[in-house]
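Here is what each chain is made of, one letter per residue.
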Amino acid sequence: MSRSIRICSYLLLPFIYLVVNIKLASLGESFPITIVTFLPAILFLYIERISIKKLMIALGIGAGLTAFNYIFGQSLDASKYVTSTLLFVYIVLILAMTWSCRFKTISPHNHRKLLRLFYGVVGIIVMLAAAEMAQIILTGGSSLIEKISKFLIYSNSYVLNFISFGGKRTTALYFEPAFFALALISIWLSIKQFGIKTPKIDGMILIGIVLSGSFSGVMTFILFYLLEWAFQYLNKSAIKKKLPLAIISLSVFLVGLVFAFPYIATRLGDLGTEGSSSYYRIIGPLAMVGYSLTNIDGVVRFGSLYEYVASFGIFNGADVGKTVDNGLYLLIIYFSWFAVLLTVWYLWKVFKMMRTAFGNNENYRVQLWLFTPMSLFFTGSIFSPEYAFLIVCPFILRKALNITNS
């Protein structure tokens, strides 16, 4: 009986990817409720044991950062402070639970069921994106995206405006293209934890990322592929046994890169174009980041971000932007040098993993740990339960599959 309950609980994870951005209700205008709003409760379905020591360490770090932000941050809109702070505390709780908990083991005979569900989710998402792109190409608009947008946590209006001016990007079941690409990479990493080769699914996920038009998604997928190629083949024993396969796989990748080069070059060029999404995400906020690191009043208190960003007058399209669409920059604006130091520490741990991964990168361990800092460049909504789910789901599966060095 307990085994069947366990099977059902883990089968929930692939399904959540389909509905993670679907709004069930809302508290006020700016707090949508989705299935992952209840993520801490969902995690209790899988928990076998909790390390109180680890949990207290994680919660203590979160409490320290919250206190720092309150003491040193400048407040421009006190009315939103409580809501914004609660979101941060909520995310800290989710991450703390994932790190400190031991999860119930998924038995080997249930792997196939989970994988089939993940494959089905990928198929639904990519086919929907393909339908959206086909409609955009044929009609110059997308009523499909518009209809789906009505059920999402945030409006897709800016994507629809982009399409109306000749742009070609899709969102599938998500509120923005970058989040769509992030969800696909999270699914990809979840599947890779099962330790099997899935070339067809890899190809479908790459197609979905390309359809999203997310530059961050394309570059992250390229990086992860190159890392896996290097870990598999750049060691003495592997290069002797698998040299032809290494050459073929790298050649196929390079051919794909040649076809993708015009798109990559265009998006790199956008970095210098004020008003473009790439400029707004990467270049424009550097003024805010620099101010936060060099001035005592550069830290912004939770809830005051919109007013602070608007004061810098950085254009996002034709309008002055009020958000930070880059998670790393957002952390620096809220926590100054503490964010930088924590990021450097985390990347150092990943770098140490890399040094021992050549010839022994079982189940994409390095990519999994690198996914968290890379994901910060996809979106500024890093304090949302929706974002947290995409980050923790592959880690949950890694622990539930009893993979060593998790």
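This one's a predicted model, so the numbers in the text were calculated from it and none came from an experiment.

**Concerning the overall build of the chain**
Within the chain, the regular secondary structure consists of 19 helices and six strands. Taking 2.2 N^0.38 as the reference for a compact globule, 406 residues should give roughly 22 Å; the C-alpha atoms of the chain span a radius of gyration of 21 Å, in line with that estimate. Seen along its three principal axes, the alpha-carbon backbone of the chain occupies a region of about 60 × 55 × 45 Å. Burial status across the chain gives 50% buried among its 406 residues. Intrachain contacts of the chain at a sequence separation of at least 6 include 73% that bridge at least 24 residues. Accessible surface computed for the chain: about 19400 Å², of which carbon and sulfur atoms make up 69%. Charge separation in the chain, taken as the distance between the mean sites of 33 positive and 16 negative side-chain charges, equals 18 Å.

**Focus on the pattern of salt bridges**
Scanning all chains against the criterion turns up three salt bridges. In this structure, the salt-bridge partner of Lys-192 is Asp-202, at a minimum N-O distance of 3.1 Å. Here Lys-192, found in helix H8 (residues 177-192), pairs with Asp-202, found in helix H9 (residues 199-212); they are 10 residues apart in sequence, far enough to count as distant.

**Digging into the nonpolar core**
Residues Tyr-174, Phe-335 and Phe-389 are the most contacted members of the largest nonpolar core, which totals 113 residues. Excluding residues within four positions of it along the chain, Phe-389 makes contact with Leu-13, Ile-16, Tyr-17, Val-20, Val-36 and Leu-39.

**Let's talk about the packing of aromatic side chains**
Scanning the model with the defined rule gives 24 aromatic pairs in all. Site record: aromatic cluster; members linked through ring pairs are Phe-88, Phe-302, Tyr-334, Phe-335 and Phe-383. Cation over ring: Arg-301 sits above Tyr-70, and NZ or CZ is 4.3 Å from the ring centre.

**Section: the environment of Leu-330**
Note on placement: Leu-330 falls in helix H16 (residues 327-335). Placed 46 residues apart in sequence, Leu-330 and Leu-376 show a C-alpha to C-alpha distance of 9.0 Å. When near neighbours in sequence (up to four residues on either side) are disregarded, Leu-330 contacts Leu-305, Val-324, Gly-380 and Ile-382.

**Things to note about the state of the cysteines**
Such a bond, covalent and formed between the sulfur atoms of two cysteines, is termed a disulfide. Per the stated rule, a full pass over the model turns up zero disulfides. Here Cys-101 is not disulfide-linked; the sulfur of Cys-393 is the nearest cysteine sulfur, at 15 Å. Relative accessible area serves as the criterion here: at 4%, Cys-101 is assigned to the buried category.

**A closer look at the environment of Gln-232**
Its location among the elements puts Gln-232 in helix H10 (residues 215-233). Put simply, Gln-232 and Phe-358 are 126 residues apart on the chain and 6.5 Å apart in space, counted from C-alpha to C-alpha.

**Things to note about a nonpolar patch on the surface**
Together, Ile-57, Ile-61, Trp-99, Leu-342 and Trp-345 give the surface a local cluster of nonpolar side chains, amounting to about 490 Å² of exposed area. Counting only elements with at least two residues in the nonpolar patch, the list comes to helix H3 (52-72) and helix H17 (337-355). Assessed through its relative accessible area of 37%, Leu-342 is described here as partly exposed.

Thresholds applied
- In this convention, every chain numbers its residues from 1, walking through the sequence in written order.
- Owing to the predicted nature of the model, reporting of local features is limited to residues with pLDDT of at least 70; listing and counting of side-chain atom pairs is limited to 80 or more, with chain, interface and lining totals taken over all residues.
- Heavy atoms throughout the structure, all of them, feed into the side-chain values; hydrogens and water do not.
- Helix and strand labels come from DSSP, where a helix needs a run of H or I of at least four residues and a strand needs a run of E of at least two; each type is numbered from the N terminus.
- As a reference, a globule follows 2.2 Å times the number of residues to the power 0.38, and the radius of gyration itself is taken over C-alpha atoms.
- Three exposure classes are used, based on accessible area relative to the maximum for each residue type with a 1.4 Å probe and protein chains only: buried under 20%, partly exposed in between, and exposed over 50%.
- Residue contacts follow a heavy-atom distance rule, with two residues in contact if any of their heavy atoms lie within 4.5 Å.
- In this description, accessible areas are obtained by the Shrake-Rupley approach with a 1.4 Å probe, and a residue is regarded as covered only by the protein chains that are shown.
- Two residue types count as positive, namely Lys and Arg, and two as negative, namely Asp and Glu; His and chain ends fall outside the count.
- The atom standing in for a charge is NZ when the residue is Lys, CZ when it is Arg, CG when it is Asp and CD when it is Glu.
- Within this document, salt bridges are pairs made up of a side-chain nitrogen of Lys or Arg and a carboxyl oxygen of Asp or Glu, the two lying within 4 Å of each other.
- We call a set of buried Ala, Val, Leu, Ile, Met, Phe, Trp, Tyr and Cys residues a nonpolar core when their side-chain atoms join them within 4.5 Å.
- Think of it this way: a Phe, Tyr or Trp ring, Trp meaning its six-membered ring, pairs with another when their centres are within 6.5 Å, and the plane angle makes it stacked under 30 degrees, edge-to-face over 60, tilted otherwise.
- Each ring is checked for a lysine NZ or an arginine CZ that lies within 6 Å of its centre and within 35 degrees of its normal; such an atom marks a charge sitting over the ring.
- Cysteine sulfurs are considered disulfide-paired once they come within 2.5 Å of each other.
- Patch criteria: residues need more than 30% relative accessible area and no salt bridge. Like-charged residues are merged within 9 Å; nonpolar side chains of Val, Leu, Ile, Met, Phe, Trp and Tyr are merged within 5 Å.

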